[in-house]
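Close look at the chain arrangement
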Amino acid sequence: MSEGCSGGSCSTCPGGSGSDGEDRLPPGMLEHYDLNTDTRKGILVFIQTEDGVPDASTAGILTLARNISDDRVFATAFGGVEIKERFKEIFALGVDTLYHMRNRDRGYRPLPWASAIMEVAERVNAAVLLFPDTRAGEELASLCAAKADAGICVRCMDLRMENGTMAAKKDLDTGTIGVRFVSRPAVIVASSTGLPAPVSDPGRKGTVINRPYSLEE
Amino acid sequence: MIIIKDETDTKEAESYEGVRILLLTNGNMNGDAAGAALRLRNITGGKMAVAILGHSGESLREADATYYLDDPVFADSDCRASGRISVALIKKVFPCDYVVCGTSSAEGSPSSLAARIALGCDMEPVFNISGIDRSDDGSLRIIQNGTESKVSWKAVFSVSGGRWPEAVAEIREGRHLNRIDLGLGVFSVGTKGSKVLISKEVS
């Protein structure tokens, strides 16, 4: 091995890259990069609306998403043209990209809606799916977690990122438990109590993507 | 405490070819879910089994069979692992037409468990029902959030409120099933099969 050689890096080294045409990676690269690292990032939020009006917990949920996100904040909102009046408000609360889910039938359909949300989640490669603590939020979260074979926590509080994983607490009748997700995505129904005070930036802008979805299950 | 030997009943329920209903519960019986399962049994005239996630717990006096999902490796299962256990029970031991979820893992909810079972067993998930009836054409009619709708042949229910017949909780002899009986691997259940880890006490 020649002086100053880190080993295996030159044609004079036994087993070096010059003598072996199969391994073309720089020496030590595999020691620095974990090829099994999950690349999911960001948060996808389900915005529940009724006749175009977001649910009361939406502002708190979006602020929470902005606080804990390690990347961008995406959101889905199902409805018709009445949703357009809410775009500025949604972007002001921290959403970067809003998927406006469109279908002629605007009625609530759990299975098709969950499939549509999961398609968006896979497209944006979201690490966390966040739902409000409502009947529809819990149902959709349950279906999304089942479809994605992901972990779920219903009605949790104190959401935070710890060492790259989502952690939270949940109150039960028997006391409080700690919850830690060991893989991504994490599906979370955030308790309506303990949401942060909404923070709105009226000058903030975002992107809207119109996305038709199918009612076929 | 009344303990009734019902091995004969269990075998009879497993070989029954009519409508079969499964109630999932833990050590403490959920009154609404038990009542919903009993209503289903009365409407359909089928057989009802109670599956208890744990070594012991209350079954129902009206149950035709009782199963204890009893294996130390099942402990600390999250919703995903609990769903696998339930799906394995339905596929291997007690194939059924209707499932009523009366329990959940600590971090989940009956609806999240119902969704897992529905997808695993190719059944329709029906969440938060508050009433079940038989409609004029003979199909099942359910009440969800004040609205009525029909339900398909195979469905998994989670229950939320409503007026249900009172079911009598009772300790019963049942069939104990472990991981091997259900055909589950060690990495499918418990903490190894979970994607959410739960710590018991938080200060």
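Structure: above.
Below or above, wherever it landed, is the structure these notes cover. (Residues numbered from 1 in each chain as written. Chains lettered and ligands numbered in written order. Predicted model: local features only at pLDDT ≥ 70, side-chain atom pairs only at ≥ 80, totals over all residues.)

Along its length, chain A carries five helices and 11 strands. With 217 residues in all, chain A has 38% of them scored as buried. Relative to all contacts within chain A whose residues are 6 or more apart in sequence, the contacts with residues 24 or more apart total 70%. (Helix = DSSP H or I, 4+ residues; strand = E, 2+ residues; numbered from the N terminus. Buried ≥ 20, exposed ≤ 12 C-beta atoms within 10 Å, placed from the backbone. Contact = placed C-beta atoms within 7 Å.)

In this section: the nonpolar core. The tendency in soluble globular proteins is for nonpolar side chains to be buried as a group. Grouped together as the largest cluster of nonpolar side chains are 121 residues, with contacts concentrated most on Val45, Cys144 and Ile188 of chain A together with Leu89, Val99, Val100 and Phe157 of chain B. Broken down by element, the residue count for this core peaks at eight residues, all from helix α4 (residues 110-124) of chain A. Apart from residues lying up to four places away in sequence, Phe157 of chain B is in contact with Ala36, Tyr98, Val99, Val100, Cys101, Ala114, Val126 and Ile129 of chain B. (Core = buried A, V, L, I, M, F, W, Y, C linked by C-beta atoms within 7 Å.)

With that out of the way, let us pick up the interface of chain A and chain B. Residue-level contacts link 26 residues of chain A with 24 residues of chain B. Counting only elements with at least two residues in the side of chain A that touches chain B, the list comes to α5 (135-148), β7 (151-162), β8 (165-172) and β9 (175-181) of chain A. The greatest single-element share of the side of chain A that touches chain B, amounting to eight residues, is contributed by α5 of chain A. A class-by-class count of the residues in the side of chain A that touches chain B yields 12 nonpolar, six polar and eight charged. Here β9 of chain A pairs with strand β12 (residues 196-199) of chain B via four bridges, running antiparallel. Residue pairing for β12 of chain B: Val179 of chain A is matched across the bridge by Ile198 of chain B. (Nonpolar A, V, L, I, M, F, W, Y, C, P; charged D, E, K, R; others polar. Pairing = 2+ DSSP bridges.)

So, on to helix α2 (residues 31-44) of chain B. All names here are of chain B. For α2, built from 14 residues, the straight-helix expectation of 20 Å at 1.5 Å per residue is met to within 8% by its first-to-last C-alpha distance of 20 Å. When you tally the buried positions in α2, you get 10 out of 14 residues, the bulk of the element. For α2, the set of buried residues is Asp32, Ala33, Ala34, Gly35, Ala36, Ala37, Leu38, Arg39, Leu40 and Arg41. In this structure, the buried side of α2 is in contact with β1 (20-25), β2 (47-53), β3 (59-60), β5 (98-101), β6 (124-134) and β9 (155-159). Note on α2: the residue one or two positions beyond its end, Gly45, has a positive phi of about 70°. (Expected span 1.5 Å × (residues − 1).)

Residue and element names in this part refer to chain B. One can find Gly46 in the loop between α2 and β2. Between the C-alpha atom of Gly46 and that of Lys200, which follows or precedes it by 154 residues, the distance is 39 Å. The residues touching Gly46, leaving out its near neighbours within four places in the chain, are Gly18, Val19, Arg20, Ile21 and Arg41.

So, on to the sheet that holds strand β5 (residues 97-102) of chain A. Spatially, the 10 strands line up as an open sheet ordered β11(A)-β5(A)-β4(A)-β1(A)-β6(A)-β10(A)-β7(A)-β8(A)-β9(A)-β12(B), and their pairing is mixed. Two strands lie at the open edges of the sheet, namely β11 (207-212) of chain A together with β12 of chain B, each paired on one side alone. The sheet shows a mean angle of 35° between the axes of neighbouring strands, direction not considered. Here β7 of chain A runs beside strand β10 (residues 186-190) of chain A; their pairing, made up of five bridges, is parallel. In the sheet register, Cys156 of chain A faces β10 of chain A, and the bridge partner there is Ala190 of chain A. (Axes fitted to C-alpha atoms, helices over the stretch in contact; angles between N-to-C directions.)

Moving on: the sheet that holds β2 of chain B. Residues and elements named next belong to chain B. Pairing is mixed in the open sheet, where nine strands are placed in the order β8-β7-β6-β9-β5-β1-β2-β4-β11. At either end of the open sheet lies a strand with only one pairing partner, and these are β8 (147-150) and β11 (175-177). Going across the sheet, the axis of each strand differs from the next one's by a mean of 35°, ignoring polarity. In this sheet, β5 lies alongside β1 in parallel orientation, the contact comprising four bridges. Residue Leu23 lies in a different strand from β5, and its bridge partner there is Val100. Seen against the sheet, α2 touches β1, β2, β5, β6 and β9 and runs at an angle of roughly 175° to β1.

Further remarks concern the packing of helix α3 (residues 79-92) of chain B against helix α4 (residues 110-121) of chain B. Residue and element names in this part refer to chain B. Where α3 meets α4, the closest approach of the two axes is 9 Å, and the angle between their N-to-C directions is 45°. Taken together, the axis directions place α3 and α4 in an arrangement best described as oblique. Where α3 crosses over α4, the two elements pack in a sense that is right-handed. When α3 is examined against α4, the residues Cys79, Arg80, Ser82, Gly83, Ser86, Val87, Ile90 and Lys91 are found in contact with a partner set consisting of Ser112, Leu113, Arg116, Ile117, Gly120 and Cys121. Classifying every residue of the contact of α3 with α4 gives six nonpolar, five polar and three charged. (Parallel < 35°, antiparallel > 145°, perpendicular 65-115°, else oblique. Left-handed = near helix turned anticlockwise from the far one by under 90°.)

In this section: the packing of α5 of chain A against α4 of chain B. How two helices sit against one another is set out by the angle between their axes and by the gap between those axes. Contact pair α5 of chain A / α4 of chain B: the axes reach a minimum separation of 8 Å and the direction vectors enclose 40°. When the interaxial angle is binned, α5 of chain A and α4 of chain B end up oblique. Judged by the sense of rotation from one axis to the other, the crossing of α5 of chain A with α4 of chain B is right-handed. Residues Glu138, Glu139, Ser142, Leu143, Ala145, Ala146 and Lys147 of chain A of α5 of chain A form the contact with α4 of chain B, whose own contacting residues are Ser111, Ser112, Ala115, Arg116 and Leu119 of chain B.

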